[in-house]
Amino acid sequence: MKVDIIASGSGGNCIALTNEGRTILIDAGVAKTKIAKRLLECGIRPDQVTDIFITHAHGDHIKGLPLANKYRINVWATDGEWKGISGVDEDLRRVVETRYSKYEMIELGGVHLYPFRTHHDAYEPVGYAIEPDDGPRICVVFDTGKVDDDMLNLMEGHIYIVESNHDPDMVVASDYPISVQSRILSDLGHLSNEQTAEALQKLIRGRGEHIYLTHLSSKNNSPILAKMTVEAALRKKGFIAGTHYEIEVVST
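Keep in mind it's a predicted model, so treat the numbers as computed, not measured.

### Here's the deal with the overall build of the protein chain
Piece 1. Counting its secondary structure elements, the protein chain contains 9 helices and 15 strands.
Piece 2. Relative to the 2.2 N^0.38 estimate, which gives 18 Å for 252 residues, the radius of gyration of the protein chain is 17 Å and therefore close to what a compact globule would have.
Piece 3. In terms of principal-axis extent, the alpha carbons of the protein chain reach across some 50 × 45 × 40 Å.
Piece 4. Per-residue burial for the protein chain yields a buried fraction of 52% across its 252 residues.

Below you can see the structure in the form of structure tokens.
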């Protein structure tokens, strides 16, 4: 499965995953024209996108959803997150469903998607594990204030597209109001570099996994700091970047 980071960061987030000519998006958080332009730059026609999966209904994850109406793309979100989404044509709406307190697996032409609960100040946010029949398992986790054991159980895979949002000391020293600082640092906020590193320390096995660090704060983080924090944590397990795993910081 081909992975393209269409947008990542405070200004918006969107991931394109292509398998056998079929592309799905995880989130659509920048303008539809920018998504279409970036898709073309990645060799993907917008009309190849069949489905958009929303993690949660904050603006930096849904801003570009008018793309769905233009190209007749199915949009998937939990019942809770549909409360925060408007403007998507009724016939394109799909519900990420639960059964017995767990989310149901979704199958799309040789690709299986496993939604799982995350922790953010949204209605019903989720992350996604994506498993093609003939490719590596991919995990996408954006906004979450913590990573719990249930998440870790579903996150394990080969490609990790995961938030590494902030450095806590930079948040505290920022000019953000105390209420905003508290929100970012809470269990319903965003992952710090240290939290992301701790989760990856539990997940990485040194089998050539690929890590994409995403959703970095433009004010309270830096690509070098995020990368160094994760590399230091994995070095404690004896894993060296470029030898046991690959790591890339994405800020677009």
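Structure's up, so let's keep going.
### Quick look at the packing of aromatic side chains
Piece 1. Going through the model one piece at a time under the given rule, you end up with 2 aromatic pairs.
Piece 2. Between the aromatic rings of Phe53 and Trp76, the centroid separation amounts to 5.4 Å while the plane-to-plane angle is 10 degrees, which identifies the pairing as stacked. In this pair, Phe53 sits in strand β4 (residues 49-53) while Trp76 sits in strand β5 (residues 74-78), placing the two residues 23 residues apart along the sequence.
Piece 3. A relative accessible area of 13% means that Trp76 is categorised as buried.
Piece 4. Judged by centre distance (5.5 Å) and plane angle (70 degrees), the rings of Phe53 and Tyr128 are edge-to-face. Here the residue Phe53 occupies a position in strand β4, and Tyr128 occupies one in strand β11 (residues 126-132), the gap between them amounting to 75 residues. As far as burial versus exposure is concerned, Phe53 and Tyr128 are alike and both buried.
Piece 5. Each member of the aromatic cluster is reached from another via a ring pair, and the members are Phe53, Trp76 and Tyr128.

### Brief notes about the nonpolar core
Piece 1. One finds Leu25, Ile52, Leu65 and Ile85 to be the most contacted residues of the largest nonpolar core, which totals 27 residues.
Piece 2. Those residues in contact with Leu25 that lie beyond four places of it in its chain are Cys14, Ile15, Ala16, Ile35, Leu39, Val49, Asp51, Ile52, Phe53 and Leu67.
Piece 3. Counting 25 residues, the second-largest nonpolar core is a separate cluster that includes Met151, Tyr160, Val162 and Leu200.

### Here we look at the pairing of β5
Piece 1. In terms of residue burial, β5 counts as a mostly covered element, since 4 of its 5 residues are buried.
Piece 2. Summarising the sheet, β4 and β5 pair through 3 bridges and their orientation is parallel. Note on β5: the bridge partner recorded for Asp51 is Asn74.
Piece 3. Looking at chain direction, β5 and strand β6 (residues 93-96) are connected through 4 bridges and run parallel. Of the residues in β6, the one forming a bridge with Ala77 is Val95.

### Some words on the pairing of strand β1 (residues 2-7)
Piece 1. In terms of residue burial, β1 counts as a mostly covered element, since 5 of its 6 residues are buried.
Piece 2. Looking at chain direction, β1 and strand β2 (residues 14-19) are connected through 5 bridges and run antiparallel. Paired with Ala7 across the two strands is Cys14, which belongs to β2.
Piece 3. Counted between consecutive antiparallel strands, the loop separating β1 from β2 contains 6 residues, among which Gly9 sits at a positive phi close to 135 degrees.

### What to know about the environment of Ile211
Piece 1. Mapping Ile211 onto the fold places it in strand β14 (residues 209-214).
Piece 2. In sequence terms Ile211 and Glu246 are 35 residues apart; their C-alpha atoms lie 6.1 Å from each other.
Piece 3. Residues in contact with Ile211, not counting those within four places in the same chain, are Tyr160, Leu200, Ile204, Val230, Leu234, Tyr245, Glu246, Ile247 and Glu248.

### Overview of the state of the cysteines
Piece 1. For the structure on display, the rule yields 0 disulfides.
Piece 2. With no disulfide of its own, Cys42 lies closest to Cys14 among cysteine sulfurs, the gap being 9.7 Å.
Piece 3. Cys42 sits in the buried class, given a relative accessible area of 17%.

Rules used throughout
Residues numbered from 1 in each chain as written. Predicted model: local features only at pLDDT ≥ 70, side-chain atom pairs only at ≥ 80, totals over all residues. Heavy atoms only, no water. Helix = DSSP H or I, 4+ residues; strand = E, 2+ residues; numbered from the N terminus. Rg over C-alpha atoms; globule rule 2.2 N^0.38 Å. Buried < 20%, exposed > 50% of the residue type's maximum accessible area, 1.4 Å probe, protein only. Phe/Tyr/Trp six-rings, centres within 6.5 Å; stacked < 30°, edge-to-face > 60°. Core = buried A, V, L, I, M, F, W, Y, C linked by side-chain atoms within 4.5 Å. Contact = heavy atoms within 4.5 Å. Pairing = 2+ DSSP bridges. Disulfide = S-S within 2.5 Å.

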